[in-house]
Amino acid sequence: MNISIIQPPQVAWASGLFSGGPLIRKSTCIGNLANVFADEQAWQAYPPHEVVYEVDMLDSASTEGALYTGVTHLNPGKVGDEYFMTRGHFHARREQGEVYCGLRGTGLLLLQDEQGAARLEHVFPGSVHIIPGFTAHRLINTGSDILSALAVWPSAAGHDYAALAQGFSVRVVEEGGEARVKEINHD
Ligand code: PAN
Ligand code: ZN
């Protein structure tokens, strides 16, 4: 028998950069994030093509039972006093979970259940985050470096952005040089 030994793709843990695999890259710019940040005027004042985050994903199988692997690189920055963050989503298949691992930079992972109850976890190099099903998730960069986090999730999970059109129930802003969590009342 002639068994071949395959060279897998690699991720550089310190930077989250992939090499050696077919990759798909998706950039999300300020202009793509309408109604995400609270300060509409500050958002309008940004060049729309300024990149907020990039996701590099291994181009792998999308069949039921398969897993996707991707790294999100979230730039440091603020819109008004609110830190740069990902759009955030529930999975279209609500019961499907995900694992995030912090690689570079510091920030927060905002988790919110379907009843609107939110919690936050610190993200840092080496942090491991178990995101259960039925839980929306968003990364927030509260540091001055790029925040990079590796994620593994079921290919069949899908993304539901519309369910959070009203927004999450907390916002994280800078106040006096520190991150402060503000609760939002949507009623
Ligand atoms: C991540 C996210 C990534 C970008 O790969 O998709 O951080 O965030 P948004 O999708 O909210 O723009 C993930 O959670 N996948 O399921
Ligand atoms: Zn997800």
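Residues numbered from 1 in each chain as written. Chains lettered and ligands numbered in written order. Predicted model: local features only at pLDDT ≥ 70, side-chain atom pairs only at ≥ 80, totals over all residues. Heavy atoms only, no water.

*Asks:* Would you explain the packing of aromatic side chains in this entry?
*Replies:* Note on aromatic pairs: each is described by the distance of the centres and the angle between the planes. Taken as a whole and assessed by the stated rule, the structure comprises three aromatic pairs. Ring centres of Tyr-46 and Phe-84 lie 5.9 Å apart, and the angle between their planes is 50°; on these two criteria the pair is classed as tilted. Here the residue Tyr-46 occupies a position in the loop between α1 (40-45) and β4 (51-58), and Phe-84 occupies one in the loop between β7 (82-83) and β8 (98-104), the gap between them amounting to 38 residues. Above the plane of the ring of Tyr-161 lies Arg-87, whose end atom (NZ or CZ) is 5.8 Å from the centre. (Phe/Tyr/Trp six-rings, centres within 6.5 Å; stacked < 30°, edge-to-face > 60°. Helix = DSSP H or I, 4+ residues; strand = E, 2+ residues; numbered from the N terminus. Lys NZ or Arg CZ within 6 Å of the ring centre and 35° of its normal.)

*Asks:* What's the story with the nonpolar core in this structure? I'm lost.
*Replies:* Most often, soluble globular proteins have nonpolar side chains that are buried together. In terms of nonpolar packing, the biggest core is built from 36 residues, with Phe-37 and Leu-139 touching the most fellow members. When residues no more than four places from it in sequence are discounted, the contact partners of Leu-139 are Thr-72, Leu-74, Phe-84, Met-85, Thr-86, Tyr-100, Leu-108, Leu-109, Val-123, Leu-147 and Ala-149. Core analysis: the second largest hydrophobic core is formed by seven residues, Val-11, Phe-18, Leu-58 and Leu-150 among them. (Core = buried A, V, L, I, M, F, W, Y, C linked by side-chain atoms within 4.5 Å. Buried < 20%, exposed > 50% of the residue type's maximum accessible area, 1.4 Å probe, protein only. Contact = heavy atoms within 4.5 Å.)

*Asks:* Please clarify how the pairing of β4 should be interpreted in this entry.
*Replies:* Each regular strand carries side chains that alternate between the two faces of the sheet. Most of β4 sits inside the fold, with six of its eight residues counted as buried. Of the strand pairs in this sheet, strand β3 (residues 23-29) and β4 are connected by seven bridges, and their pairing is antiparallel. Within β4, the residue paired with Ser-27 across the bridge is Glu-54. (Pairing = 2+ DSSP bridges.)

*Asks:* Would you take a moment to explain the coordination of the zinc ion (ligand 2) for this structure?
*Replies:* Ideal geometry at a metal centre: 109.5 degrees between donors when four sit tetrahedrally, and 90 or 180 degrees when six sit octahedrally. Taken together, the protein donors to the zinc ion (ligand 2) comprise His-89 (NE2), His-91 (NE2), Glu-98 (OE) and His-137 (NE2), at separations of 2.1 to 2.3 Å. The site at the zinc ion (ligand 2) holds six donor atoms, and with the angles between them running 75 to 175°, its shape is octahedral. The sequence motif formed by the donor residues of the zinc ion (ligand 2) is H-x1-H-x6-E-x38-H. When its relative accessible area of 3% is taken as the criterion, His-91 is described as buried. (Donors = N, O, S within 2.8 Å, 3.2 Å for Na, K, Ca; no water. Tetrahedral: all angles 85-135°; square planar, octahedral: opposite > 155°, others 65-115°.)

*Asks:* Mind showing me how you'd approach the site of ligand 1 here?
*Replies:* Inspection of the region around ligand 1 gives 14 residues, with Tyr-53, Thr-72, Gly-88, Tyr-100 and Tyr-161 positioned closest. Gly-88 places a main-chain nitrogen or oxygen 2.8 Å from an oxygen atom of ligand 1. Residue His-137 places a side-chain N or O atom 3.3 Å away from an oxygen atom belonging to ligand 1. Look at ligand 1: alone it shows 390 Å² of surface, and the protein chains cover 95% of it. Contributions of two or more residues to the shell around ligand 1 are made by β4 and β8. Split into classes, the residues belonging to the shell around ligand 1 amount to five nonpolar, seven polar and two charged. (Near = heavy atom within 4 Å. Polar contact = N/O pair within 3.5 Å; in protein donor to acceptor, adjacent residues only side chain to side chain. Areas by Shrake-Rupley, 256 points an atom, 1.4 Å probe, with all protein chains shown as cover. Nonpolar A, V, L, I, M, F, W, Y, C, P; charged D, E, K, R; others polar.)

What is shown is where atoms sit, not what they do.
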